[in-house]
Amino acid sequence: MGASVTVLASGSRGNSALIASAKTRILVDAGVSCREVTRRLRVSGDDPSSLDAILITHEHSDHVAGLRVLANKYQIPVFMTGATHQAWKREARDSKGEPCSLDKLEVFHAGHSFEVGDISITPFTIPHDAVDPVGFTLRVEGVKVSFATDLGYIPASVKHHLRSSDVLLIESNHDLEMLRNGPYPWVVKQRVMSRVGHLSNEALAQFFIADYDGSAAYVILAHLSEQNNHPELAHREAERALQSHASLLQNRVVLATQPEPLAPIRL
Ligand SMILES: [Zn+2]
Ligand SMILES: [Zn+2]
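Quick caveat, the model's predicted, so the values are computed rather than measured.

J.: Outline the coordination of the zinc ion (ligand 1), supporting the account with residue identities and numerical values.
T.: The zinc ion (ligand 1) binds to the protein through H58 (NE2), H60 (ND1), H128 (NE2) and D150 (OD); the donor distances cover 2.2 to 2.6 Å. Bound by 4 donor atoms, the zinc ion (ligand 1) shows angles of 90 to 173° at the metal and therefore irregular coordination geometry. The sequence pattern describing where the donors of the zinc ion (ligand 1) fall on their chain is H-x1-H-x67-H-x21-D. In this structure, the zinc ion (ligand 1) lies 3.5 Å away from the zinc ion (ligand 2), the two metals sharing D150 as a donor. Note that H128 is positioned in the loop between β8 (119-125) and β9 (134-140) and D150 in the loop between β10 (143-148) and α5 (156-162), a separation of 22 residues in sequence. Here H128 matches D150 in class, with each residue buried.

This is the structure we're talking about:
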């Protein structure tokens, strides 16, 4: 068996994905409850007791809501930056409302690669309003899988990390017009649109047209806003941008969803 990528949940109500080699299974973020992660893993034929690590991108609750219960219940090592851990710890409470901690913590630094089993991981800094947010590239069974959600824009350093990805999971958060005319209070709209907010369909399309190398067999559009986006809009915008390059016709565009896991992508 080769590499597989399974998006378990994606969106502002919780994010989690499984990346697996024949030997190693890694969860990126645990933003839905332990019970929900477990249910979704089982839907895709997996089980939390087989997880080797949980990687955390940043401390926002849609990325860590199920973390402590899941990690401690199954004694899974959690990898996060020191600053993210401090921010997480300040807010973390157990079921009785008491401060709590992770049984197995491993600290990493953005820009420094590390390994879990036979998967090599490189965390990189992304522009977002968290203390030390990161995206990840993972090398698994000779395949490069990249994660970049929760970023206000795509700086040159991130473009560099995303090069030659075989699977590219990237944010397509909102349609600018829908966000502007939508129900959010103005301060929230400003936050989402800012350089440390979330990536719009339009900004992603611009990346595809101007900077993307077309390497990915699968492009997964992720972290779609339920209020300020439509799956069809995000899909159409991405397809249109990708089709502007004849060389990119091989890219398959997949939409990650909030309520149910996607079928595993096998490479
Ligand atoms: Zn966030
Ligand atoms: Zn998020």
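Anyway, onward from the coordinates.
J.: I'd love a proper account of empty space enclosed by the protein, names of residues and values included.
T.: Taken as a whole and judged by the stated rule, the model has 1 cavity of 30 Å³ or more. Within this model, the largest cavity holds a volume of roughly 140 Å³. Considering the residues around the largest cavity, the lining is formed by 17 residues, among which N15, D29, F147, T149 and L169 are closest to the centre. Those elements that place two or more of their residues in the lining of the largest cavity are β1 (4-9), β2 (16-20), β9 and β10. When its residues are assigned to classes, the lining of the largest cavity shows 10 nonpolar, 6 polar and 1 charged.

J.: Hey, could you go over the sheet that holds β2 for me, with residue numbers and the actual values?
T.: The strand order across the open sheet built from 7 strands is β6-β5-β4-β3-β2-β1-β14, with neighbouring strands paired in mixed fashion. Either end of the sheet is taken by a strand with one partner, and the two such strands are β6 (105-108) and β14 (265-266). Pairing of β1 with β14 involves 2 bridges; the strand directions are antiparallel. Directly across from S4, in β14, lies its bridge partner R266.

Calculation criteria
Residues numbered from 1 in each chain as written. Chains lettered and ligands numbered in written order. Predicted model: local features only at pLDDT ≥ 70, side-chain atom pairs only at ≥ 80, totals over all residues. Heavy atoms only, no water. Donors = N, O, S within 2.8 Å, 3.2 Å for Na, K, Ca; no water. Tetrahedral: all angles 85-135°; square planar, octahedral: opposite > 155°, others 65-115°. Helix = DSSP H or I, 4+ residues; strand = E, 2+ residues; numbered from the N terminus. Buried < 20%, exposed > 50% of the residue type's maximum accessible area, 1.4 Å probe, protein only. 1 Å grid on protein atoms, 1.4 Å probe; cavity = no way out; pocket = protein on both sides within 12 Å on 5 of 7 lines; lining within 4 Å. Points joined across faces, edges and corners; volume = space filled by probe spheres on them. Nonpolar A, V, L, I, M, F, W, Y, C, P; charged D, E, K, R; others polar. Pairing = 2+ DSSP bridges.

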